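# Commentary on secondary and tertiary structure
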Amino acid sequence: MKIFLIGFMGSGKTTLGKLLADELKTSFIDLDERIEQDQGMSVSRIFGEKGEDFFRELEASVLRKIVSGKTDFVLACGGGTPCFHQNMAYMNGQGITVWLDTPREILAERLLSAPDQRPLISGLSGEQLISFISERLEQRAQWYGQARLVIDSSNFTIKEISRKLKAYA
Ligand code: S3P
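Residues numbered from 1 in each chain as written. Predicted model: local features only at pLDDT ≥ 70, side-chain atom pairs only at ≥ 80, totals over all residues. Heavy atoms only, no water.

## Notes on the overall build of the chain
- Of the regular secondary structure elements, the chain holds eight helices and five strands.
- Secondary structure of the chain in N-to-C order comes out as β-α-β-α-α-α-β-α-β-α-α-β-α.
- Rg of the C-alpha trace for the chain: 15 Å, near the compact-globule value of 15 Å for 169 residues, within the 12% margin.
- Along the longest, intermediate and shortest principal axes, the C-alpha atoms of the chain span 40 × 35 × 25 Å.
- Taken over 169 residues, the chain has a buried fraction of 43%.
- Long-range pairs, those at least 24 residues apart, make up 71% of the contacts in the chain with a sequence separation of at least 6. (Helix = DSSP H or I, 4+ residues; strand = E, 2+ residues; numbered from the N terminus. Rg over C-alpha atoms; globule rule 2.2 N^0.38 Å. Buried < 20%, exposed > 50% of the residue type's maximum accessible area, 1.4 Å probe, protein only. Contact = heavy atoms within 4.5 Å.)

Right under this line is the structure:
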């Protein structure tokens, strides 16, 4: 089973992905981490030195490399992955996409307290962050909304989520 976890920064894709992969006895892959390995530099540096367009192309190509090399995995995508280079349609054609639809207040709380590793929000104050999240979520809803499964992870246990996913397998 190929499971793609999508959702905004701070929605818990990595945390949930690791637990879910354990529960489903499959491997966990983090897309940003793979991109960093591929380039030998952090996502922040890639954005800073090569720009977002370069990052988005790389993201799309590393995504396709992962998918064609493996049959079973839980993949935590980056927050923007579904919104570029037809990635959402591609992922829907390859496996189960799951949107972690997390309330914006929770996202803001998590992102404010997280260390500054996210180039799109680095340097934003609390108020700026909240309006950034609201604007982006509105823009991104058209892609996130194409997910096969939508989960508010604060309302479900890992076991319940993996049971739902197994029903799709
Ligand atoms: C991004 C989210 C990040 C990372 C990059 C861009 C986005 O991933 O891919 O900084 O456009 O929302 P996380 O969602 O894992 O933080």
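## Some words on the pattern of salt bridges
- Overall, the coordinates contain four salt bridges when judged by the stated rule.
- Across the pair Arg56 and Glu52 runs a salt bridge, and its minimum N-O distance is 2.9 Å. Here the residue Arg56 and the residue Glu52 both occupy positions in helix α4 (residues 52–69), the gap between them amounting to four residues, near one helical turn.
- Put simply, Arg56 and Glu59 hold a salt bridge, and the shortest N to O gap is 3.0 Å. Of this pair, Arg56 and Glu59 both sit in helix α4, three residues apart, which is roughly one turn of the helix. Grouping residues by exposure puts Arg56 and Glu59 together as buried.
- Each of the salt bridges in this network shares a partner with another, and the network as a whole consists of Glu52, Arg56 and Glu59. (Salt bridge = Lys/Arg side-chain N within 4 Å of Asp/Glu carboxyl O.)

## Some words on the pairing of strand β4 (residues 96–100)
- Counting buried positions along β4 yields five of five residues, so the element is predominantly enclosed.
- Strand direction decides the pairing type here: strand β1 (residues 2–6) and β4, joined by four bridges, are parallel. Paired with Leu5 across the bridge in β4 is Val98.
- Pairing analysis gives three bridges linking β4 to strand β5 (residues 149–151), with the strands arranged parallel. Following the sheet pairing, Val98 is matched in β5 by Leu149. (Pairing = 2+ DSSP bridges.)

## Let's talk about the layout of surface pockets
- Space inside the largest pocket adds up to approximately 740 Å³.
- Met9, Asp30, Asp32, Gln117 and Arg118 are, among the 33 residues lining the largest pocket, the residues nearest its centre.
- Its residues placed into classes, the lining of the largest pocket shows twelve nonpolar, eleven polar and ten charged. (1 Å grid on protein atoms, 1.4 Å probe; cavity = no way out; pocket = protein on both sides within 12 Å on 5 of 7 lines; lining within 4 Å. Points joined across faces, edges and corners; volume = space filled by probe spheres on them. Nonpolar A, V, L, I, M, F, W, Y, C, P; charged D, E, K, R; others polar.)

## Some details on the sheet that holds strand β2 (residues 28–30)
- In spatial order, the strands read β2-β3-β1-β4-β5; together these five strands make up an open sheet with parallel pairing. Edge positions in the sheet fall to β2 and β5, since each of these pairs with one other strand and no more. In this sheet, neighbouring strand axes are inclined to one another by 20° on average, regardless of whether the strands run parallel or antiparallel.
- Pairing between β2 and strand β3 (residues 73–76): three bridges, direction parallel. (Axes fitted to C-alpha atoms, helices over the stretch in contact; angles between N-to-C directions.)

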